[in-house]
Amino acid sequence: LLLQVNGLNADTQIILVPRRDAASGKLGAESSSLGLKHHLTGSKNEFDFLVARHYEEIVGGMGVNGYLGQAVWRADVVALLPDEGESSLSAVVNLDYSWVWSGKNNYGLIELYYNSDGFSGNYENALKNERLMSLMERGEVFTLGRRYLSGSWQVELHPLLKVFSTAIVNLDDLSSQFIPRLVWEPLQNLQIHVGGNIFLGS
């Protein structure tokens, strides 16, 4: 559904994912997902609003982005309200910028992430958390840590050769991951990726 009111562009999306209960094999609301997302575009900012029922949790979220000079900033907050147990909150804010340096196209990103479901240490406690284990069983992704800082830098050495570097730091124990990558396109239908994962800390 697309709308345009007073110069504001808006669109609404609805998603329904019916699933069967793992034990009984019957379709049920407790195993399914239903969501509504509304996107609003203004002259300087864009907004997203989300409300959903996912398995046995109510999900509510809001996102906004805008400009800071020539850079683009974004912020998203998502709250999960389960039928049983404690609610949780996750939030992310980032800033990215593109520029030309020494005749080469560059792109940089810095991001801060928070997840109240995460741990400040003793990550093995996740194995005792029934909710996190149920997320893992159904293939959902989550972070073990609570607070992360990440940055990424991309430089186009040649239209067919790009170098990427990403760093992710756990702010609670300062363990980190460094991910360098090189992408080369020697032919029209051939792309070669070379990279690695370097881990630091405990």
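Parameters and conventions
- Residues numbered from 1 in each chain as written.
- Predicted model: local features only at pLDDT ≥ 70, side-chain atom pairs only at ≥ 80, totals over all residues.
- Heavy atoms only, no water.
- Helix = DSSP H or I, 4+ residues; strand = E, 2+ residues; numbered from the N terminus.
- Rg over C-alpha atoms; globule rule 2.2 N^0.38 Å.
- Buried < 20%, exposed > 50% of the residue type's maximum accessible area, 1.4 Å probe, protein only.
- Contact = heavy atoms within 4.5 Å.
- Areas by Shrake-Rupley, 256 points an atom, 1.4 Å probe, with all protein chains shown as cover.
- Lys, Arg positive; Asp, Glu negative; His and termini not counted.
- Charge placed at Lys NZ, Arg CZ, Asp CG, Glu CD.
- 1 Å grid on protein atoms, 1.4 Å probe; cavity = no way out; pocket = protein on both sides within 12 Å on 5 of 7 lines; lining within 4 Å.
- Points joined across faces, edges and corners; volume = space filled by probe spheres on them.
- Nonpolar A, V, L, I, M, F, W, Y, C, P; charged D, E, K, R; others polar.
- Phe/Tyr/Trp six-rings, centres within 6.5 Å; stacked < 30°, edge-to-face > 60°.
- Lys NZ or Arg CZ within 6 Å of the ring centre and 35° of its normal.
- Pairing = 2+ DSSP bridges.

### Description of the overall build of the protein
Scanning the protein from N- to C-terminus turns up one helix and 13 strands. Reading the protein from its N end, one meets helices and strands in the order β-β-β-β-β-β-β-β-α-β-β-β-β-β. Expected size for 202 residues packed as a compact globule is a radius of gyration near 17 Å; at 21 Å, the protein overshoots this value by more than 25%. For the protein, buried positions account for 22% of its 202 residues. Counting only contacts in the protein whose residues sit at least 6 apart along the sequence, the fraction spanning at least 24 positions is 30%. With an accessible surface of roughly 13600 Å², the protein has 60% of that area assigned to carbon and sulfur atoms. Side chains of the protein carry 15 positive and 22 negative charges; the gap between the two charge centres is 4 Å.

### Overview of the layout of surface pockets
Reported here for the largest pocket is a volume of approximately 460 Å³. Surrounding the largest pocket, 21 residues form its lining, E57, P82, E84, G85 and R131 being those nearest its centre. With three residues, the single largest contributor to the lining of the largest pocket is helix α1 (residues 130-137). Looking at the lining of the largest pocket residue by residue, the classes come out as four nonpolar, seven polar and ten charged. In this structure, the second largest pocket is lined by 18 residues; those nearest its centre are L80, S90, R131, E140 and V141. Of all the elements in the fold, those that place two or more residues in the lining of the second largest pocket are β5 (57-68), β6 (71-82), β7 (88-101), β8 (104-115) and α1.

### Quick notes on the packing of aromatic side chains
Geometry of an aromatic ring pair is reported as the spacing of the ring centres plus the angle between the planes. One pass over the structure, following the stated rule, counts two aromatic pairs. Arranged with centres 5.7 Å apart and planes meeting at 10°, the rings of Y97 and W99 form a pair that is stacked. In this structure Y97 comes out as partly exposed when scored by relative accessible area, which is 37%. Consider the rings of Y113 and Y148, whose centres lie 6.5 Å apart with planes at 40°: the pair is tilted. Taken as a pair, Y113 in strand β8 and Y148 in strand β9 (residues 147-158) lie far apart in primary sequence, 35 residues in all. Owing to a relative accessible area of 25%, Y113 belongs among the partly exposed residues under this scheme. Just above the ring of Y55 sits the side chain of R138; from NZ or CZ to the centre is 3.8 Å. Just above the ring of F164 sits the side chain of R181; from NZ or CZ to the centre is 4.3 Å.

### Brief notes about the pairing of β8
Pairing between β7 and β8: twelve bridges, direction antiparallel. When the bridges of β8 are listed, W99 appears paired with N106.

### What to know about the pairing of strand β12 (residues 190-195)
Successive side chains on a regular strand alternate, one facing one side of the sheet and the next facing the other. Two strands pair when backbone bridges link them, and strand β11 (residues 176-187) and β12 are joined in this way by five bridges, in the antiparallel orientation. In the strand pairing of β12, L187 is matched with L190. From the end of β11 to the start of β12, which pair antiparallel, there are two residues.

### Examining unusual backbone geometry
In the Ramachandran plot, S102 falls in the positive-phi region, its phi being about 55° despite a non-glycine side chain. Mapped onto the elements of the fold, S102 is located in the loop between β7 and β8. Phi is positive for L174, close to 60°, though the residue is something other than glycine. Tracing the sequence through the fold places L174 in the loop between β10 (161-170) and β11.

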